[in-house]
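# Analysis of the macromolecular model
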Amino acid sequence: MSAKSNGVNVLYLDDEQSNLEVFKALLRRDGYNIYTTTSVKKALEILKQNEIHIVLSDQRMSGITGVEFFESIIKDYPKPIRILTTAYSDFDSVIDAINKGQVYKYLSKPWESGCIRSALIQSYEVYCLREQNKNLLTDLQKYNAELIAINGQLEFMLHQKESFKE
């Protein structure tokens, strides 16, 4: 599935409604399912009710930072790719974003349409690759268990054959 196809769910949390409206307008023809909110509580409801692939959050909001928001959702919602947005250049928040919020990208405002589109496409590709890796590991564990069982059966048959010879 390409990032431009329907089914890619994007959540954007920002305390400025105008930023949310610009974001939706920018991507209105790109086929994303876009959820926007100015409320952390509403963002958590959206995460609970939908499989969100990409979460964007503004860094500087009243009451909570984007890094704190990301940190708060990691345990319950580890799968979405996280993007931090900000109009301010703050090296410490970049470090916190990476270390605490497990942020994939850090975007400066105002955005260029190509940059935001590229970030969403890359983020969804990472999301899909992580899911594929998870599925491959699950398959590998299943096949490993099957091989162990088959090996045990072969060893049992070998012991039976040796016992029969005696």
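Worth saying up front: this structure is predicted, and the values here are computed from it rather than measured.

## A closer look at helix α3 (residues 66-73)
Residues of α3 that are buried: G66, V67, F69, F70 and I73. Buried residues of α3, seen end-on, are gathered within an arc of 160 degrees and therefore sit on one face of the element.

## Examining the environment of E21
As for its placement among the helices and strands, E21 is situated in helix α1 (residues 17-27). Its relative accessible area of 47% is what places E21 among the partly exposed residues. E21 sits 15 residues away from T36 along the chain, and the two C-alpha atoms are 8.5 Å apart.

## Here's the deal with the pattern of salt bridges
Scanning all chains against the criterion turns up four salt bridges. Residue K109 pairs with D58 through a salt bridge whose shortest N-O separation is 3.0 Å. With K109 in the loop between β5 (105-108) and α5 (113-165) and D58 in strand β3 (residues 54-58), the pair connects residues that are 51 residues apart, well separated along the chain. For the residue pair K109 and D58, the accessibility class agrees, reading buried in each case. A salt bridge links E131 to K79; the nearest nitrogen and oxygen atoms lie 3.6 Å apart. Of this pair, E131 sits in helix α5 while K79 sits in the loop between α3 and β4 (81-86); the two residues are 52 residues apart in sequence, bridging distant segments of the chain. A single salt-bridge network, built from bridges that share partners, covers D14, D58 and K109.

## Section: the sheet that holds strand β1 (residues 9-13)
Whenever strands of a sheet pair, they do so through backbone hydrogen bonds, lying parallel or antiparallel. An order of β2-β1-β3-β4-β5 is seen for the five strands of this open sheet, with the pairing classed as parallel. Of all strands in the sheet, those with a lone pairing partner are β2 (33-37) and β5, marking the two edges. On average, each strand axis in the sheet is tilted by 20 degrees relative to the strand beside it, whichever way the strands run. Here five bridges tie β1 to β2, and the two strands are oriented parallel to one another. Residue pairing for β2: Y12 is matched across the bridge by T36. Contacting β1, β2 and β3, α1 runs over the sheet at an angle of about 170 degrees to β2.

## With respect to the packing of aromatic side chains
Taken as a whole and judged by the stated rule, the model has five aromatic pairs. Ring geometry for F69 versus F70: centroids 5.9 Å apart, planes at 45 degrees, classification tilted. Look at Y124 and Y127: their rings are 6.1 Å apart centre to centre, the planes differ by 10 degrees, and that puts the pair in the stacked class. A residue pair is termed a helical-turn pair when its members lie 3 or 4 positions apart in one helix, as Y124 and Y127 do in helix α5 at three residues. As far as the burial class goes, Y124 and Y127 line up, both buried.

What counts as what
- Residues numbered from 1 in each chain as written.
- Predicted model: local features only at pLDDT ≥ 70, side-chain atom pairs only at ≥ 80, totals over all residues.
- Heavy atoms only, no water.
- Buried < 20%, exposed > 50% of the residue type's maximum accessible area, 1.4 Å probe, protein only.
- Helix = DSSP H or I, 4+ residues; strand = E, 2+ residues; numbered from the N terminus.
- Arc of directions from axis to C-beta.
- Salt bridge = Lys/Arg side-chain N within 4 Å of Asp/Glu carboxyl O.
- Pairing = 2+ DSSP bridges.
- Axes fitted to C-alpha atoms, helices over the stretch in contact; angles between N-to-C directions.
- Contact = heavy atoms within 4.5 Å.
- Phe/Tyr/Trp six-rings, centres within 6.5 Å; stacked < 30°, edge-to-face > 60°.

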